[in-house]
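One letter stands for each residue in the lines below.
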Amino acid sequence: HPTFSWSPDSRSIAVLGHKTPKILHYGSLYLWIVPLDGGEATCVTQNLDRCLGDYSRDADLRAGGDDSPRWLPDGNSLRVLVNDAGTVHLWEVERETGAMRQITSGNLCVTAFSSDQQGNHLVGMVCTPDDPMDLFEIDSNTDRMRRLTHVNQELLAELELSQQIQIEFESD
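Figured I'd write up the structure that's included with this text. Note that this is a predicted model, so its numbers are computed, not measured.

A few words on the sheet that holds strand β4 (residues 42–43). Taken together, the four strands give an open sheet; going across it, the order is β1-β2-β3-β4, and neighbouring strands pair in antiparallel fashion. The sheet terminates laterally at β1 (3–6) and β4, the two strands that pair on one side only. Of the pairings in the sheet, the one linking strand β3 (residues 30–35) to β4 comprises two bridges and is antiparallel in character. From the neighbouring strand, Trp 32 faces β4, where its bridge partner is Cys 43.

This part takes up a nonpolar patch on the surface. A grouping of Val 123, Leu 135 and Leu 148 is seen on the molecular surface, where their side chains present a nonpolar patch of about 200 Å² in accessible area. By secondary structure assignment, the location of Val 123 is in strand β10 (residues 121–128).

Attention shifts here to the pattern of salt bridges. Scanning the model with the defined rule gives nine salt bridges in all. With a closest N to O distance of 2.9 Å, Glu 137 and Arg 146 form a salt bridge. The exposure class assigned to Glu 137 is partly exposed, which follows from its relative accessible area of 28%. Classification of Arg 146 by relative accessible area gives partly exposed; the value is 48%. Residue Asp 139 pairs with Arg 144 through a salt bridge whose shortest N-O separation is 3.6 Å.

Basis of the calculations
- Residues numbered from 1 in each chain as written.
- Predicted model: local features only at pLDDT ≥ 70, side-chain atom pairs only at ≥ 80, totals over all residues.
- Heavy atoms only, no water.
- Pairing = 2+ DSSP bridges.
- Helix = DSSP H or I, 4+ residues; strand = E, 2+ residues; numbered from the N terminus.
- Patch = residues over 30% accessible without salt bridge, like charges linked within 9 Å, V, L, I, M, F, W, Y side chains within 5 Å.
- Areas by Shrake-Rupley, 256 points an atom, 1.4 Å probe, with all protein chains shown as cover.
- Salt bridge = Lys/Arg side-chain N within 4 Å of Asp/Glu carboxyl O.
- Buried < 20%, exposed > 50% of the residue type's maximum accessible area, 1.4 Å probe, protein only.

Structure representation (structure tokens):
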């Protein structure tokens, strides 16, 4: 499912795609920059061993959102969602070097995000193992988040949820 966005100067497209199209959904998604002048596409995250986009909702019916990469206004960096050990976090990627900086952290999944025109203020759809989904304001300079909605508060007050136990295994 290719997801893409225009660069601020309208000369490139950022797209999430595979390195090996034959394996499609079974492979990881990477960030590619495609120049509109017909030049070669560049994989910006070629050394990343994680998948981009939101894969947290593939096996269930949770509402998700647009997990496309988003350009910062200067065109030098993009924001993407990165899957890691059962979580999905918001990261910033430098276009030229591929250097990455994690914005959110914790045992949660950011399933969609948006920012203002200047790229300073972020809002994300965030879920945790014991809270299905709410909107949060995300500080792009720290990992602090402020809840904006309480969509499931009434339902969750009626339920006795079991405590989640996260199990991780090392792989080769």
